[in-house]
Amino acid sequence: MRIPKRFKRETTLLENLPNELFLETFGYLNGVDVVYAFSQLNRRLEDLLNNYVTNFDFKSVSRAKFTYITQRHDIHRWRSLHMSDDDHTPGQIKCFSQLFPPNEYINRLECLSVLHMKPNYAQEFLLQIRSLNNLVSLSIGEVCGLNIQSLELSSLKRLILTSCKHTNWIQNFQTLEHLQYTIDYNCYHTHSLILPRTLQHFKVFYAERQDGDDLRKLLKQLPQLTRLTLYDRGEGSPIPDGRIWEELIVSSLPLLKTFQFFFPFSQYVHLSSDINRILASFSTPFYLSEKHWFVRYDRSSCDSYTGTVYSLPFAFSSMAINMHSFDMSATTLPFNDSDKTETYYYSKINTIVLHEKCKEPHAGIFSSNIVHLILNVNLPSWIDLLTNLRCLQVGWNVRMAPTEFSHLLQNASNLRSLTISIFSLRIVTDKFSNETVCNELSRKIESLTIADSVRGYTRRSVSVRVLTSLVRIFSMNCQHLTIALMSHPNTVHPILRRMKNLRSLHITWNVQRRNFSTPISQLFQEQSTDPKAIDFIDTYDGNQLFVWFGNRI
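These lines cover the structure that appears in this document, whether it is placed above or below. None of the values given here were measured: they were computed from a predicted structure. (Residues numbered from 1 in each chain as written. Predicted model: local features only at pLDDT ≥ 70, side-chain atom pairs only at ≥ 80, totals over all residues. Heavy atoms only, no water.)

1. Things to note about the overall build of the protein
Looking only at helices and strands, the protein features 18 helices and 22 strands. For the protein, the proportion of its 553 residues judged to be buried stands at 50%. Summarising the internal contacts of the protein: among those between residues at least 6 apart in sequence, 62% fall at separations of at least 24. Taken as a whole, the protein presents about 26,900 Å² of accessible surface, with 48% of it coming from carbon and sulfur. (Helix = DSSP H or I, 4+ residues; strand = E, 2+ residues; numbered from the N terminus. Buried < 20%, exposed > 50% of the residue type's maximum accessible area, 1.4 Å probe, protein only. Contact = heavy atoms within 4.5 Å. Areas by Shrake-Rupley, 256 points an atom, 1.4 Å probe, with all protein chains shown as cover.)

2. A look at the nonpolar core
Formed by 87 residues in total, the largest nonpolar core has its most connected members in Phe 58, Leu 112, Ile 140, Trp 169, Phe 202 and Leu 230. Trp 169 has contacts with Leu 126, Ile 140, Val 143, Gly 145, Ile 148, Gln 149, Ser 150, Leu 151 and Leu 161, leaving out every residue within four places of it along the chain. One finds Ala 315, Val 353, Val 398 and Cys 438 within the second-largest nonpolar core, a separate group that totals 75 residues. (Core = buried A, V, L, I, M, F, W, Y, C linked by side-chain atoms within 4.5 Å.)

3. Details of the sheet that holds strand β12 (residues 318–321)
As summarised here, the arrangement of the ten strands in space is β12-β14-β15-β16-β17-β18-β19-β20-β22-β21, forming an open sheet in which the pairing is mixed. The open sheet is flanked by β12 and β21 (536–541), the only strands paired with a single partner. When strand polarity is set aside, the average angle formed by the axes of neighbouring strands in this sheet is 10°. The sheet contact formed by strand β17 (residues 417–420) and strand β18 (residues 447–450) spans four bridges and is parallel. Following the sheet pairing, Leu 418 is matched in β18 by Leu 448. (Pairing = 2+ DSSP bridges. Axes fitted to C-alpha atoms, helices over the stretch in contact; angles between N-to-C directions.)

4. Topic: the environment of Ala 320
When you line up the elements, Ala 320 lands in strand β12. With 87 residues separating them in the primary sequence, Ala 320 and Arg 233 have C-alpha atoms 9.1 Å apart. Beyond its immediate chain neighbours, meaning those up to four positions away, Ala 320 contacts Tyr 231, Phe 262, Val 353 and His 355.

5. Remarks on the pairing of strand β6 (residues 178–183)
By the criterion of burial, β6 is predominantly enclosed, with five of the six residues buried. As paired strands, strand β5 (residues 158–163) and β6 are joined by six bridges and run parallel to one another. Residue pairing for β6: Ile 160 is matched across the bridge by Gln 180. Relative to strand β7 (residues 201–206), β6 is paired through five bridges, and the arrangement is parallel.

6. Quick notes on helix α7 (residues 119–128)
Tyr 121, Ala 122, Phe 125, Leu 126 and Gln 128 are the residues of α7 that are buried. Projected onto a plane normal to the axis of α7, the buried residues spread over an arc of 145° and lie on a single side. Packing partners of the buried residues in α7 comprise α5 (92–99), α6 (102–105), β3 (111–115) and β4 (137–143). (Arc of directions from axis to C-beta.)

7. Quick look at the environment of Tyr 188
Checked against the element boundaries, Tyr 188 lands in the loop between β6 and β7. A relative accessible area of 74% means that Tyr 188 is categorised as exposed. The sequence separation of Tyr 188 and Lys 165 amounts to 23 residues, and the corresponding C-alpha distance is 9.6 Å.

8. Some points on the pairing of strand β2 (residues 80–84)
Here β2 lies mainly inside the structure; four of its five residues are buried. Bridging between strand β1 (residues 55–57) and β2 involves three bridges; their strand directions are parallel. Counted as the bridge partner of Asp 57 is His 82 from β2. In this region the chain leaves β1, passes through helix α4 (residues 63–72) and returns to the parallel neighbour β2; the handedness of that crossover is right-handed. Bridging between β2 and β3 involves five bridges; their strand directions are parallel. Bridge assignment links Met 83 to a residue of β3, and that residue is Val 114. (Right-handed = clockwise from strand over helix to strand, strands pointing away.)

9. A few points about the pattern of salt bridges
This model, assessed by the stated rule, comprises eleven salt bridges. We note a salt bridge from Arg 296 to Asp 298, for which the minimum N-O separation is 2.5 Å. Side by side, Arg 296 and Asp 298 carry an identical accessibility label, which is buried. Taken together, the shared-partner salt bridges connect Glu 440, Arg 443 and Lys 444 into one network. (Salt bridge = Lys/Arg side-chain N within 4 Å of Asp/Glu carboxyl O.)

10. A short note on a positive patch on the surface
On the surface, a cluster of positive charge is contributed by Arg 472, Arg 497, Arg 498 and Lys 500. Within the secondary structure, Arg 472 is located in helix α16 (residues 464–474). (Patch = residues over 30% accessible without salt bridge, like charges linked within 9 Å, V, L, I, M, F, W, Y side chains within 5 Å. Lys, Arg positive; Asp, Glu negative; His and termini not counted. Charge placed at Lys NZ, Arg CZ, Asp CG, Glu CD.)

11. Here's the deal with the packing of helix α1 (residues 19–27) against helix α3 (residues 43–52)
Axis separation between α1 and α3 bottoms out at 11 Å; the angle between their running directions is 45°. By the angle between their directions, the pair α1 and α3 is classed as oblique. Once α1 is placed against α3, the crossing between them reads as right-handed. Counted together, Asn 19, Phe 22, Leu 23 and Phe 26 of α1 and Arg 44, Leu 45, Leu 48, Leu 49 and Tyr 52 of α3 form the full contact between these two elements. Counted by class, the contact of α1 with α3 contains seven nonpolar, one polar and one charged residues. (Parallel < 35°, antiparallel > 145°, perpendicular 65-115°, else oblique. Left-handed = near helix turned anticlockwise from the far one by under 90°. Nonpolar A, V, L, I, M, F, W, Y, C, P; charged D, E, K, R; others polar.)

12. Here's the deal with the side chain of Arg 63
Within the secondary structure layout, Arg 63 lies in helix α4. Residue Arg 63 is classed as buried on the basis of its relative accessible area, which comes to 14%. Beyond its immediate chain neighbours, meaning those up to four positions away, Arg 63 contacts Asp 535, Phe 536, Ile 537, Trp 548, Phe 549 and Gly 550.

13. Some points on unusual backbone geometry
The amide bond that connects Gly 141 to the next residue, Glu 142, takes the cis arrangement and shows omega of -5°. Here Glu 142 lies in strand β4. With omega at 0°, the peptide bond leading from Leu 312 into Pro 313 counts as cis. Relative to the elements of secondary structure, Pro 313 occurs in the loop between β11 (303–312) and β12. Phi is positive for His 292, which is not a glycine, with a value near 60°. With a relative accessible area of 53%, His 292 lands in the exposed category.

Here it is, written out as structure tokens:
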């Protein structure tokens, strides 16, 4: 009988791994996670962290982790920094700027992203980054440029901007080559767009009135463009005409190599000849032979009023669907390219915005890629295909039975974020009494926004009685809560007492702030005997309060 050999097991210690392996691993991770995981282990790792970990993304990071990282790493060495003042991390940008003035601590930065700022603070922040001459890439929003002085960032090549039409302050960015611009129409100051003439790549999200003539006038002033990407978010836009764009490109954009667009329209189309006319305008030798630019026209036989024309491959992460089916769709693609549709042309899409109850899913969309669904109509029959949903936004006019919603929740095992009106939530939970639905919500939802509508987030106030039901359902795992309250600020007591996992809180009150009898900071302190529980940043904006809690990793 053979005696089995005994093999010696060797243990590899972390300290024995070569530096090159650590550095390669660090390169795949966010610097925030790297420093949090490997700091304070030994001197060798501390040196590697300080000398080679230079890219930090604080989006959705807890304030406790934010504090930990900024206290234990040499900020002067950072090359890339991403921050946000969204509802998950309110006050983050201002907090960082007060602790570490940008012109002193991050003057070596090459990439900076500061998103969802309040416009009244954006002006102050821009003054602090005037001296960042190493900056190559900047992402910033939301900005009102009415009172912002012109800046000169001598090395800046890429800019992602959410702003009103006051863009004079960027016209001296003489090295700027790439601009992604989302026009914010909440600013009521009228102004003509002005952009640097050095632009080579221009991507814009807009909702212009009439036929977008002002936008085309702007494009005529950008002769260096080689890539142009347009996404029309407007309502009631006219039928797009490829000949107009062809004339513009031939006359004013001689270097343009890539033209990508998404043009929805709302205009009566009653004859097949009208459909052919639309396609024909994008089927000239200029489009098909010279440029090799192809389009698809989506339309339903059930609706002669709405449709969409867009370039292929589809260039955006979000697709809005405003028709009942795609049975009247057509494309200018050569027939021998049609087999690429499902595997190539729609691979970027991860968000669907449903404005109509479409009978079938779009043939080219990978259902497994869709992680975000904005639902402005009742559930479509093919909702089961969207098994990887992480975010769901339900419009105020959507009607679902508890059984339908329960089926959706059970099918979407990765769902973590929910935006819904209190009216719809009462329906889908059967007035908070459906045990199956309530248990699914309690187990899955980490981010909850109670809103009357997805667009604009007009909020309906929640009574104390309803608030109690919300706390009962969502207290287990909810980390981010946005809600409007009907009563005095003392109604936040059940939220703070039972929702112990909250990292951020956004409250809107009907009562005016001048009627608050107790300061919010004092109110929070009085409601807890734990001294750590009062560690937070609170930010006011009118009758809204944003809180970013600390001491929660």
